[in-house]
Amino acid sequence: MRLRTPTKAAATAVAAVLSSAALLNASPATAADTAPGTSFTADPRATWQTDGIVWALAPANGVVYVAGTFGSVRPPGAAPGERSVPRRNFAAFDAVSGRLLPCAPSFTGGAGTVRALHASRDGKVLYVGGSFSRAGGTGVANVAALNTADCTVRKAFRPPVTATVRAIDATDRAVYLGGDFTMAGGRARKRIAAFTPDGSLLPFRADFDAPVRALSAVPSRAKVYAGGDFESVNGHRTHALVALSSTTGATAHSYPGWLPPRSVVKSIAHDGTRFYVGAEGHGHGVFDGRVAGRLDDDTMVWKDTCLGATQAVLPYEGVLYSASHAHDCGRTPGGFPEQSDGDRQHLLAQSPGDRTILHWFPDTDEGVGEQIGPRALTVARGVLWVGGEFTKVNGRPQQGLTRFAGGPDTGAPKAPVLLPPAAGGGKVVLRWRAAWDRDDASLTYRLHRDGRLVSRQRAASTPWNRPLMSYTDAVRAGTRHVYTIEVTDGTNTSPRSAPVTVAAPAKAVRRKGGART
């Protein structure tokens, strides 16, 4: 189902516990129903796994290409080493079914890793970058291109690049490469270069003093956005983010003050109106979150303040998705405070208009390698694919790769525990702590007395904000009753809670002299 996610203000309003009489007959509509909607459930689909890190994802013609630093893949549910299929740093899957496909050139030599993928707009060519010297049986130099129709290496596109390629973007006329190199196509090109689709070096030239890690070309504005570790571009101080002329490489715009020292740009994407930047910082006083800017005039729209390095940003159908290891978003609307147990939220959805964090909380662990968690995002045929270092998704074993679709929503919230009740005066007071769900902010609680529904309450909750709820039941004195509670997100319902038995005290009998027994 298409999920509805509330703003923080809406969630607070919904969280108030209504009277039991009104709730039992209340309409299920709440303020949460009018909030922006995400496109995916938080329930992962069955997905193949890798035995290492996924650095890059790219879709083309119903196929999702997966690349990184790994030696094999294994089926959904298989433990490490079980039913492994060799795939050297590159694999291909059906975008909808997730089926492993035979396209499997090995990328080897060099450091033996693929760091960047990008498909041409028509989907006929897949550009591959990293640190490798062979693509299948073909000698290459850190960059290659595949014909997607038959998974063969394009011999026309084999420009020599002297060091790791970390980012690729392409238009109909140019293929832009960013990375660590200082020579490309036999000419000096410091960390960025552009080639024609047939591999000829273009006159585009810009000099960076440190690696370029992210590229986003915007042909309609004749610009290429670049991000990375740099402090100087084209001889001028330019920290971490720059916009270049897409034809000459001249600096079109810089962004002083957007990113503090010790923060670098790891990802850039745009939606035709705005561009989005994901940052990673080291040390105190750094910026780890996301920034939105306008493509028309390069002014800032918003800047969030989440802590926890952002590795990927992806705008899709009016929502900005990101991969990070966020641990404190307390100053971002809809965000969460630092958790006492050190818990982190590795996948987020935000409103592009005002940065509000939406109620969509699938999660991974930190995983292997640098223990960052997810590192790459893409959408193909309505399915969100996530790659990275993780070894668990929503608490269950799943390494390197996972995916989320628009439905079905299969995750039922966990039933709350009924707290010890209080009884007296013909009343029983039941209390419980609200449950929470990964992709539904507003949940409905159904309280049963002796198997009969006596209360239906709806409230909003998050993992970090679970309000105490209650219901006062009128019963006859001297009677015993059994209470259970269940919770539903509208699609999935939890099992009923453990029963709680309550004995309502008998009415006292007044004796002569006014004493009561």
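Residues numbered from 1 in each chain as written. Predicted model: local features only at pLDDT ≥ 70, side-chain atom pairs only at ≥ 80, totals over all residues. Heavy atoms only, no water.

With that settled, consider the packing of aromatic side chains. In the structure shown here, the tally under the stated rule is 19 aromatic pairs. Each ring, one from Y225 and one from F275, has its centre 4.4 Å from the other, and the planes form 25°; the classification is stacked. Placement of Y225 in strand β22 (residues 223-228) and of F275 in strand β28 (residues 274-281) is noted, with a sequence separation of 50 residues between them. Note on accessibility: Y225 and F275 belong to one class, buried. Positioned over the ring face of W55 is R115, at 3.6 Å from the centre of the ring. (Phe/Tyr/Trp six-rings, centres within 6.5 Å; stacked < 30°, edge-to-face > 60°. Helix = DSSP H or I, 4+ residues; strand = E, 2+ residues; numbered from the N terminus. Buried < 20%, exposed > 50% of the residue type's maximum accessible area, 1.4 Å probe, protein only. Lys NZ or Arg CZ within 6 Å of the ring centre and 35° of its normal.)

Next up on the list: the confidence of the model for the chain. Low pLDDT marks regions whose predicted coordinates should not be analysed in detail. Averaged over all residues, the pLDDT of the chain is 91; the fraction at 70 or higher stands at 91%. Predicted confidence is poor over residues 1-35, with pLDDT under 50, and the contacts of this stretch with residues over four places away or in other chains come to 76 contacts. (pLDDT = per-residue confidence, 0-100. Contact = heavy atoms within 4.5 Å.)

With that settled, the discussion passes to the state of the cysteines. What is meant by a disulfide is a covalent connection between two cysteines, made through their sulfur atoms. Taken as a whole, this structure holds two disulfides when the rule is applied. What pairs with C103 in a disulfide is C151, and their sulfur atoms sit 1.9 Å apart. Given an S-S torsion of about 70°, the disulfide between C103 and C151 has right-handed geometry. With C103 in the loop between β8 (90-94) and β9 (107-108) and C151 in the loop between β14 (143-147) and β15 (152-153), this pair connects stretches of sequence that are 48 residues apart. Here C103 matches C151 in class, with each residue buried. (Disulfide = S-S within 2.5 Å.)

Taken as a whole, the largest pocket holds about 1,500 Å³ of empty space. Among the elements of the structure, β4 (53-60), β10 (113-119), β16 (165-170), β21 (212-218), β27 (263-270), β31 (310-316) and β34 (374-380) are those that each provide at least two residues to the lining of the largest pocket. Residue classes in the lining of the largest pocket are distributed as 27 nonpolar, 10 polar and 13 charged. As a volume, the second largest pocket reaches approximately 550 Å³. Around the second largest pocket sit 23 residues that line it, and D43, P44, N394, R396 and R438 are the ones nearest its centre. (1 Å grid on protein atoms, 1.4 Å probe; cavity = no way out; pocket = protein on both sides within 12 Å on 5 of 7 lines; lining within 4 Å. Points joined across faces, edges and corners; volume = space filled by probe spheres on them. Nonpolar A, V, L, I, M, F, W, Y, C, P; charged D, E, K, R; others polar.)

Our focus in this paragraph is the environment of L443. Following the sequence through the fold, L443 ends up in strand β41 (residues 442-449). Here the alpha-carbon distance between L443 and V487, two residues 44 residues apart in the chain, equals 6.7 Å. The contacts of L443, once residues within four sequence positions are left out, are P413, A435, W436, D437, Q457, R458, A459, S461, V487, T488 and D489.

What follows is about the nonpolar core. Of all hydrophobic cores here, the largest spans 23 residues; its most connected members are Y65, F90, F107, L117 and L126. Elements represented by at least two residues in this core include exactly β4, β5 (63-69), β8, β10, β11 (125-131) and β14. Excluding residues within four positions of it along the chain, L126 makes contact with A58, Y65, F90, L117, H118, A119, A144, A145, L146 and T148. Listed in part, the 20 residues of the second largest apolar core include W432, A434, I485 and V502. (Core = buried A, V, L, I, M, F, W, Y, C linked by side-chain atoms within 4.5 Å.)

The next subject is the sheet that holds strand β35 (residues 383-388). Strand order in the open sheet formed by three strands is β34-β35-β38, with antiparallel pairing between adjacent strands. The open sheet is flanked by β34 and β38 (401-404), the only strands paired with a single partner. Between one strand axis and the next, the sheet turns through 20° on average, direction left out of account. The pairing of β35 with β38 spans four bridges and is antiparallel. Bridging across to β38, L384 finds its partner in F404. (Pairing = 2+ DSSP bridges. Axes fitted to C-alpha atoms, helices over the stretch in contact; angles between N-to-C directions.)

Quick look at the pairing of β4 now. The buried fraction of β4 is high, at seven of eight residues. Judged from the seven bridges that link them, β4 and β5 form a sheet pairing that is antiparallel. Considered in β5, the bridge of A58 is made with Y65. Taken together, β4 and the strand that follows it, β5, pair antiparallel across an intervening segment of two residues, in which N61 is found at a positive phi of about 55°.

Scanning all chains against the criterion turns up 15 salt bridges. Salt-bridge contacts for R344 lead to E366; the nearest nitrogen and oxygen are separated by 3.8 Å. Here E366 lies in the loop between β33 (345-350) and β34 and R344 lies in the loop between β32 (319-326) and β33, a separation of 22 residues in the sequence. R344 gets classed as partly exposed once you look at its relative accessible area, which sits at 25%. Taken together, the salt bridges that share partners define one network made up of E370, R375 and E389. (Salt bridge = Lys/Arg side-chain N within 4 Å of Asp/Glu carboxyl O.)

Our focus in this paragraph is the sheet that holds β9. Judged by pairing direction, the sheet is antiparallel, and its three strands sit side by side in the order β9-β12-β13 without closing on themselves. Since the sheet does not close on itself, it has two edges, and those belong to β9 and β13 (138-139), each with one partner. The sheet contact formed by strand β12 (residues 134-135) and β13 spans two bridges and is antiparallel. Paired with A135 across the bridge in β13 is T138.

The next subject is the environment of E280. The residue E280 is located in strand β28 in this model. A C-alpha to C-alpha distance of 46 Å links E280 and L447, two positions 167 residues apart in sequence. In contact with E280, not counting residues within four places along its chain, are R262, S263, V264, K266, F287, D288, A309, T310, Q311 and I372. Engagement of the side chain of E280 in a polar contact is seen with the side chain of H282, the distance being 3.2 Å. Here the side chain of E280 touches Q311 through a polar contact of 2.8 Å, side chain to side chain. (Polar contact = N/O pair within 3.5 Å; in protein donor to acceptor, adjacent residues only side chain to side chain.)

Locating L419 in the fold gives a position in the loop between β38 and β39 (422-424). The exposure class assigned to L419 is partly exposed, which follows from its relative accessible area of 28%. For L419 and W432, which are 13 residues apart along the polypeptide, the C-alpha to C-alpha distance reads 5.6 Å. In contact with L419, other than residues within four places in its own chain, are R431, W432 and L468.

Along the chain, the position of T462 falls in the loop between β42 (452-460) and β43 (468-474). Residues contacting T462, with those up to four places away along its chain left out, are H359 and W436.

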